[in-house]
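Structural description and commentary
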Amino acid sequence: MDSTRQKKISRLLQKEISEIFQREMRQVSLGTMVSVTVVRISPDLGQAKAYLSIFPTGNIEEVMKEINEQTSQIRFALGKRVGKQMRIIPELKFYVDDSLDYLDNIDRLLKD
């Protein structure tokens, strides 16, 4: 169960990481659209898991590899944006959010 503080920080991180991908780290996305669907933060606010939706889905592995290589630059850019609001900038871990693919699969199976 997330506390109110965790929820507020999660929303803030989701918004800021999304803007970082759209404005500052375009080369990382390799021509794809990367959106942050959800951010989950640990109770001590030291680690954050960001779930990314990548479109088109053709080269997800390459994009995720590039994002994971650039994690320190993304965290630095995040620190510049939220440094006044947070004392400690959390360690970032990125995961592919495949919930839309899962929903599409269920819809396809139900239609058959």
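Up top is the structure.
One structure accompanies this document, and this report is about it. These numbers were taken from a predicted model, which means no experiment stands behind them. (Residues numbered from 1 in each chain as written. Predicted model: local features only at pLDDT ≥ 70, side-chain atom pairs only at ≥ 80, totals over all residues. Heavy atoms only, no water.)

What to know about the packing of aromatic side chains
Defined as follows: In this analysis, rings of Phe, Tyr and Trp, with Trp reduced to its six-membered ring, are considered paired at centre separations within 6.5 Å, and the interplanar angle assigns stacked below 30 degrees, edge-to-face beyond 60, and tilted for intermediate values. Put simply, DSSP H or I for four residues or longer makes a helix, DSSP E for two residues or longer makes a strand, and each gets a number counted from the N terminus. Burial classes: relative accessible area under 20% of the type maximum marks a residue as buried, over 50% as exposed, and values in between as partly exposed (1.4 Å probe, protein chains only).
If you walk through the whole model with that rule in mind, you get 2 aromatic pairs. Relative to Phe 94, the ring of Phe 21 lies with its centre 6.0 Å away and its plane at 65°, an arrangement referred to as edge-to-face. With Phe 21 in helix H1 (residues 4–24) and Phe 94 in strand E3 (residues 91–96), this residue pair connects regions lying 73 residues apart in the sequence. In this structure, Phe 21 and Phe 94 share a single accessibility class: buried.

Here we look at the sheet that holds strand E2 (residues 47–55)
Operational definition: By the convention used here, strands pair only if DSSP detects at least 2 bridges between them. In this analysis, axes come from line fits to C-alpha atoms, helices being fitted only over the stretch in contact, and the angle between any two N-to-C directions falls in the range 0 to 180 degrees.
The strand order across the open sheet formed by 3 strands is E1-E2-E3, and the pairing between neighbours is mixed. The strands lining the two open edges of the sheet, one partner per strand, are strand E1 (33–41) and E3. Between one strand axis and the next, the sheet turns by 30° as a mean value, whatever way the strands run. Strand direction decides the pairing type here: E1 and E2, joined by 8 bridges, are antiparallel. Across the sheet, the residue bridging to Val 39 is Ala 50, located in E2.

Notes on unusual backbone geometry
Omega for the peptide link from Phe 55 to Pro 56 comes to -5°, which places this bond in the cis form. Relative to the elements of secondary structure, Pro 56 occurs in the loop between E2 and helix H2 (60–69). Phi at Leu 45 takes a positive value of approximately 60°, unusual for a residue other than glycine. Note that Leu 45 resides in the loop between E1 and E2. Leu 45 gets classed as buried once you look at its relative accessible area, which sits at 18%.

Focus on a negative patch on the surface
Test applied: Each patch is built from residues that are more than 30% exposed by relative accessible area and take part in no salt bridge. Like charges join if they lie within 9 Å; nonpolar side chains (Val, Leu, Ile, Met, Phe, Trp, Tyr) join within 5 Å. Each accessible area is a Shrake-Rupley estimate made with a 1.4 Å probe; only the visible protein chains count as cover when residues are assessed. We define a salt bridge as a side-chain nitrogen of Lys or Arg found within 4 Å of a carboxyl oxygen belonging to Asp or Glu. Working convention for charge: Lys and Arg count positive, Asp and Glu count negative, and His plus the chain ends are omitted. We put the charge of a Lys on NZ, of an Arg on CZ, of an Asp on CG and of a Glu on CD.
A cluster of acidic side chains, namely Asp 98, Asp 101, Asp 104 and Asp 107, defines a negative patch on the protein surface. In this structure, Asp 98 sits in the loop between E3 and helix H4 (99–111). In this structure Asp 98 comes out as partly exposed when scored by relative accessible area, which is 48%.

Focus: the environment of Met 64
Its place among the elements puts Met 64 in helix H2. Considering only alpha carbons, one finds Met 64 and Ile 74, 10 residues apart in sequence, at a separation of 13 Å.

Notes on the pattern of salt bridges
Following the criterion strictly, the structure yields 8 salt bridges and no others. Taking the shortest distance from any N to any O, the salt bridge between Lys 15 and Glu 19 comes out at 3.9 Å. Linking Lys 15 with Glu 19, this pair stays in helix H1, spanning 4 residues, or about one helical turn. Between Arg 81 and Glu 19 there is a salt bridge; the shortest N-O distance is 2.9 Å.

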